[in-house]
Amino acid sequence: MPFIVAAVNAIGASIVSGALALGIGYGGALAVSSAVLKIAGSYLLNLAASALMGRAPSAQDVGRELAQATTSPAYRFVYGECRATGTPAGTPIKGNFIYGVWILNSRVSELSDFDLYLDKRHVKLTGDAFDFDGSGATATESPFENHVTAWVGRGDQVAPPAAFTDEAPFVSSEDAAASEEEANSLPGGPFDGFPEFPDGIVEAAEHLWKTTDGWRGLTVIFLRLKAGSSGSRAERWPSAPPLVEVEGKWSKVYDPRDLSQSEEDEATWAWSDTHALCVRDALTQNPIRQYRSDQLHSSFIDAASECDEIISLKSGGQEARYTCAGTIRFSEGEIEDLLIPMMVSAAADFIRVGGKLGYASGVYRAPTVRLDYLLGDGFQFPDMVPGDQLVNQLRVSYLSSSRGYQTADLQPWDIPGAVEADGGLAAVKTLDLPFCASATQAMRVRKIIGLRLRRQEKIIGGTLPPEAFDLIGGATAEIALPSPYDALDGVYEIGSIHPGLDPIGESGEVAMRLPASLTKHSADIYAWNPATDEEDIFDEFYDDTRTGILPPGEISITTGEAVNQDVGGTIIPRILFAVAPSLSSGVSSYEWEYRQDGGDYTTGGYIDGEVRDGSDNVFGYLTGVSGQLYDLRVRALASGAHSDWVDISGITPVVALDLDLPIDGAAIGGAGEITVTFTTPNDADFKAIEFYGADTDNGAAASLLGSAIYTSPNTLVSITEIDLAAATTRFYFARSRGDYASASPLSASVTATTDP
């Protein structure tokens, strides 16, 4: 490389001249020159070791922090396809509604489709959530039907949904005062509707929505949430405002391999979950310290293609080698440190090449150079690592897409042969992969990192010859030394390399010298056989039905004299209801509600959990109207939770009074008519008498004549049936009536015949 040698000679000569001018001897000046003639080095950053030193925040930890309302919402990027937690950025209330907005991603998102979750429950929607001038997407299933409407802004929105500014508009205190002033100035005083304020007097509402409240450039979800009836509110909204999560495809990133994209024009970028591209995006777009593209090494481009390579699965399917999914929340600190959890999730490492940052993907890189000699006076060859750095079992967690993007654990993995090599002493480390949304990717990462951590043979202090000049951190070289050093032979990974020029060189010639540290390496670390290396994953179906508290048993009822209340001769109709207690622990009380005629449920009250009848059932009384139909329901309550309702329909209080019959009946016929007489019983519960007539001596065939006649007990009462034909024989009966629709049986019959 004559150009490099000439340049180095020129630099060396100027350094020697400067040293001589300072009075340093030529030999010393030459030594100074030799010491500083170094070309920028390269080294590999072992991020797995850093990750094992301290646990990264889990997806649940990040979600809990992002779900908190704050005046300074965290800046976050959401990558790949996953579930993002919304930060409430404004949840004003108007009437029975919340008109709220939640920040999902601090940038534009793909989000061509999405799934909404409220308090971990999936919300089925219908309609266009991306049309801000329309009616949005509405919930179609219980408990959210008619109570949830959603609009999603993917970062291109310029205003909130029209429904927000129409139904919950911002009204300044000045406008409110002006409307009242104009109203009071009109003849006759204020009334609804006048020229400047057609809606009449308006109230100040400075907490509501302006047309400028669009959260431009951010991905957000606007939700109109209806509280609903008090009977179902606690079930529908266990927290207020609710926990909002949205699942879909998120950030668009720049792909240098795609010639149709321009790094300066974000409109040309596309969604991708390719791990190397997501890391590159975080480095160049973060709000802490952005890398320029000329500060990034070209290894990112090659690594993107390596991440996209297809890996076969034991199930017969396929997946990309390394994808990225999750939310990075930017906080104080170095951007490289914040990205460690993301890098480790794909077994990747950063490399430094001169002043540039590069990407070493979790793949085997075959040696590009074979070295049969080393320079220098000597080197060290340690074959053990300190005991506190030993790892022989890894416990790995990842982001499970089949479990709602919650953290899941792989089975503890014993690194093959490691426990025996360490004398049988367990050395367990935990490795979190919060940006890995594939169990099989997590398995491959586990094997790669575990076996890399077990590499103990190193070459330290060695100096590589000029043939290794093109090597950088993360590259590999084959070492093939002559005897007796052939015990060191094998493939080595470059941990660090620092090229330099020695103007004297060995044997008096200029020599390129490359001090380096190397770690013995193997392709076996990355070998993967799905049939034997994959472990089975058992994903239990997630049921978002809230069944934490078991409901009480079926409702049984008792009516009649045994449960009615007699207060000083006045009977209060009641229904006794009872339920077997809930089998859940922690139940403190029971809530019951009732309704009539299919109307809204009304609270009946609460029953202490310790109240029991003789059968050890929870019980209570519904006071009602005899003959009126009621529906009743009961549920168990515990701290912060409740069971489902159990209900019963069509029940009614029953009052059964034992009334005496009318007595002394008589019937006298006449011309086309018959007069019937009965004496009412001497019964305190008697209220009225009814007369029945029939053509035969059969009470079941008799019909009511007229209506009930209200009178006093022990009173003679008579009626006359007219318009009868000549020589007609009729039979008559009577019965007593009392309160609560009570009635006595029919009396014995009396009979008469009209004149011929």
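Residues numbered from 1 in each chain as written. Predicted model: local features only at pLDDT ≥ 70, side-chain atom pairs only at ≥ 80, totals over all residues. Heavy atoms only, no water.

Caption draft 1: Structural view of the overall build of the chain. What the chain contains, in helices and strands, is 14 helices and 47 strands. Once local pairs closer than 6 in sequence are excluded, the contacts in the chain between residues at least 24 apart make up 69%. Counting every atom, the chain has about 36400 Å² of accessible surface; 50% of that belongs to carbon and sulfur. (Helix = DSSP H or I, 4+ residues; strand = E, 2+ residues; numbered from the N terminus. Contact = heavy atoms within 4.5 Å. Areas by Shrake-Rupley, 256 points an atom, 1.4 Å probe, with all protein chains shown as cover.)

Caption draft 2: Broad picture of the sheet that holds strand β44 (residues 703–710). In spatial order, the strands read β44-β43-β46-β47; together these 4 strands make up an open sheet with antiparallel pairing. Only two strands of the sheet have a single neighbouring strand rather than two, namely β44 and β47 (750–753). Averaged over all pairs of adjacent strands, the angle between strand axes in this sheet comes to 25°, irrespective of strand direction. As defined by bridge partners, strand β46 (residues 729–737) adjoins β47 across 4 bridges and the pair is classed as antiparallel. (Pairing = 2+ DSSP bridges. Axes fitted to C-alpha atoms, helices over the stretch in contact; angles between N-to-C directions.)

Caption draft 3: Here's a closer look at the nonpolar core. By size, the foremost hydrophobic cluster in this structure holds 58 residues, and its most contacted members are Tyr79, Val279, Leu283, Leu339 and Tyr359. A per-element tally of this core places helix α13 (residues 439–453) first, with 7 residues. Aside from chain neighbours lying at most four places away, what touches Val279 is Phe300, Leu339, Met342, Met343, Phe350 and Tyr359. One finds Leu104, Ala137, Leu225 and Leu399 within the second-largest nonpolar core, a separate group that totals 29 residues. (Core = buried A, V, L, I, M, F, W, Y, C linked by side-chain atoms within 4.5 Å. Buried < 20%, exposed > 50% of the residue type's maximum accessible area, 1.4 Å probe, protein only.)

Caption draft 4: Broad picture of the pairing of strand β27 (residues 476–479). As paired strands, strand β21 (residues 370–371) and β27 are joined by 2 bridges and run parallel to one another. Pairing of Leu371 across the sheet is with Ile479, part of β27. Relative to strand β28 (residues 490–497), β27 is paired through 4 bridges, and the arrangement is antiparallel. Paired with Thr476 across the bridge in β28 is Glu493.

Caption draft 5: View of the sheet that holds strand β37 (residues 618–623). Sheet architecture is open: 3 strands sit in the order β31-β34-β37, paired in antiparallel fashion. A single partner strand is all that each edge strand has here, and the edge strands are β31 (556–558) and β37. Recorded for the sheet is a direction-independent mean angle of 25° between the axes of neighbouring strands. Taken together, the 6 bridges between strand β34 (residues 574–579) and β37 define a ladder with antiparallel strand orientation. Residue pairing for β37: Ile575 is matched across the bridge by Leu622.

Caption draft 6: Spotlight on the packing of helix α8 (residues 275–285) against helix α9 (residues 299–308). In contact at an axis separation of 7 Å, α8 and α9 are set at 140° when each is read in the N-to-C sense. Classified by the interaxial angle, the pair formed by α8 and α9 is oblique. Residues His275, Ala276, Leu277, Val279, Arg280 and Leu283 of α8 form the contact with α9, whose participating residues are Phe300, Ala303, Ala304 and Cys307. Its residues placed into classes, the contact of α8 with α9 shows 8 nonpolar, 1 polar and 1 charged. (Parallel < 35°, antiparallel > 145°, perpendicular 65-115°, else oblique. Nonpolar A, V, L, I, M, F, W, Y, C, P; charged D, E, K, R; others polar.)

Caption draft 7: Molecular detail of the pattern of salt bridges. In this structure the tally under the stated criterion is 35 salt bridges. Residue Arg280 is joined to Glu263 by a salt bridge in which the shortest nitrogen-to-oxygen separation is 3.0 Å. With Arg280 in helix α8 and Glu263 in the loop between β14 (252–253) and β15 (270–271), this pair connects stretches of sequence that are 17 residues apart. Across this residue pair, the class does not change: Arg280 and Glu263 are buried. Here the salt bridges do not stand alone but share partners, grouping Asp349, Arg365, Arg452, Arg455 and Glu493 into one network. (Salt bridge = Lys/Arg side-chain N within 4 Å of Asp/Glu carboxyl O.)

Caption draft 8: Summary view of a negative patch on the surface. Residues Glu561, Asp566, Asp658, Asp660, Asp685 and Asp739 make up a contiguous surface patch of negative charge. In this fold, Asp739 is placed in the loop between β46 and β47. (Patch = residues over 30% accessible without salt bridge, like charges linked within 9 Å, V, L, I, M, F, W, Y side chains within 5 Å. Lys, Arg positive; Asp, Glu negative; His and termini not counted. Charge placed at Lys NZ, Arg CZ, Asp CG, Glu CD.)

Caption draft 9: Broad picture of α8. Where burial is concerned, most of α8 is hidden: 10 out of the 11 residues are buried. Listed in full, the buried residues belonging to α8 are His275, Ala276, Leu277, Cys278, Val279, Arg280, Asp281, Ala282, Leu283 and Thr284.

Caption draft 10: Geometry of the pairing of strand β13 (residues 244–249). For β13, a buried count of 5 out of 6 residues is recorded, marking the element as mostly surrounded by other parts of the structure. As paired strands, strand β7 (residues 114–118) and β13 are joined by 5 bridges and run antiparallel to one another. Residue pairing in the sheet places Asp115 in a bridge with Glu247 of β13.

Caption draft 11: Quick peek at the packing of aromatic side chains. Summed over the entire model, instances satisfying the criterion amount to 21 aromatic pairs. A centroid spacing of 4.9 Å and a plane angle of 80° characterise the contact between Phe77 and Phe330, whose relative ring orientation is edge-to-face. Taken as a pair, Phe77 in strand β2 (residues 76–79) and Phe330 in the loop between β18 (326–329) and α10 (335–338) lie far apart in primary sequence, 253 residues in all. Between Phe144 and Trp237, the aromatic rings sit 5.6 Å apart at their centres with planes inclined by 50°, giving tilted as the arrangement. Separated by 93 residues along the polypeptide, Phe144 in the loop between β10 (137–139) and β11 (148–154) and Trp237 in the loop between α7 (230–236) and β13 bring together distant segments of the chain. A relative accessible area of 2% places Phe144 in the buried class. We classify Trp237 as buried; its relative accessible area is 12%. Within the aromatic cluster, the residues linked to one another by ring pairs are Phe97, Tyr99, Phe132, Trp151, Phe164, Trp209 and Phe222. Positioned over the ring face of Tyr322 is Arg444, at 5.5 Å from the centre of the ring. (Phe/Tyr/Trp six-rings, centres within 6.5 Å; stacked < 30°, edge-to-face > 60°. Lys NZ or Arg CZ within 6 Å of the ring centre and 35° of its normal.)

Caption draft 12: Just helix α4 (residues 59–66), in detail. Turning to α4, its buried residues number three or more, namely Val62, Gly63 and Leu66. Buried residues of α4 fall within an arc of 100° about the axis and therefore sit on the same side. Among the structural elements, β2, β3 (81–85), β4 (87–90) and β18 are those in contact with the buried residues of α4. (Arc of directions from axis to C-beta.)

Caption draft 13: Region of interest: the environment of Ile98. Counting through the fold element by element, Ile98 comes out in strand β6 (residues 97–105). Judged by its relative accessible area of 15%, Ile98 falls in the buried class. Residues Ile98 and Lys226, 128 residues apart in the sequence, show an inter-C-alpha distance of 6.6 Å. Once residues lying within four places of it in the same chain are set aside, the contact partners of Ile98 are Thr91, Pro92, Ile93, Leu223, Arg224 and Leu225.

Caption draft 14: Expanded view of the state of the cysteines. Across all of its chains, the model carries 0 disulfides by this definition. Free cysteine Cys324: the closest other cysteine sulfur is in Cys278, separated by 4.4 Å. On the accessibility criterion, Cys324 (1% relative accessible area) is buried. (Disulfide = S-S within 2.5 Å.)

Caption draft 15: Representation of the side chain of Arg444. With respect to the element layout, Arg444 can be found in helix α13. Owing to a relative accessible area of 4%, Arg444 belongs among the buried residues under this scheme. In this structure, Arg444 is in contact with Ile311, Glu319, Ala320, Arg321, Tyr322 and Trp528, ignoring residues within four places of it in sequence.

Caption draft 16: Highlighting the confidence of the model for the chain. Chain-level pLDDT for the chain is 86 on average; 86% of the residues reach the 70-or-more range. Low pLDDT (under 50) marks residues 1–36, which in the prediction has 25 contacts with non-local residues, meaning those over four places away or in another chain. (pLDDT = per-residue confidence, 0-100.)

Caption draft 17: Quick peek at the environment of Gly248. Mapped onto the secondary structure, Gly248 falls in strand β13. Among all residues touching Gly248, those that are not within four sequence positions of it are Gly80, Glu81, Cys82, Leu111 and Asp113.

Caption draft 18: Seen up close, unusual backbone geometry. Of the consecutive residues Ser142 and Pro143, the connecting peptide bond is found in the cis state with omega at 5°. Relative to the helices and strands, Pro143 is located in the loop between β10 and β11. Its identity is not glycine, yet Asp664 carries a phi of approximately 55°, on the positive side. The residue Asp664 is located in strand β41 (residues 663–670) in this model.

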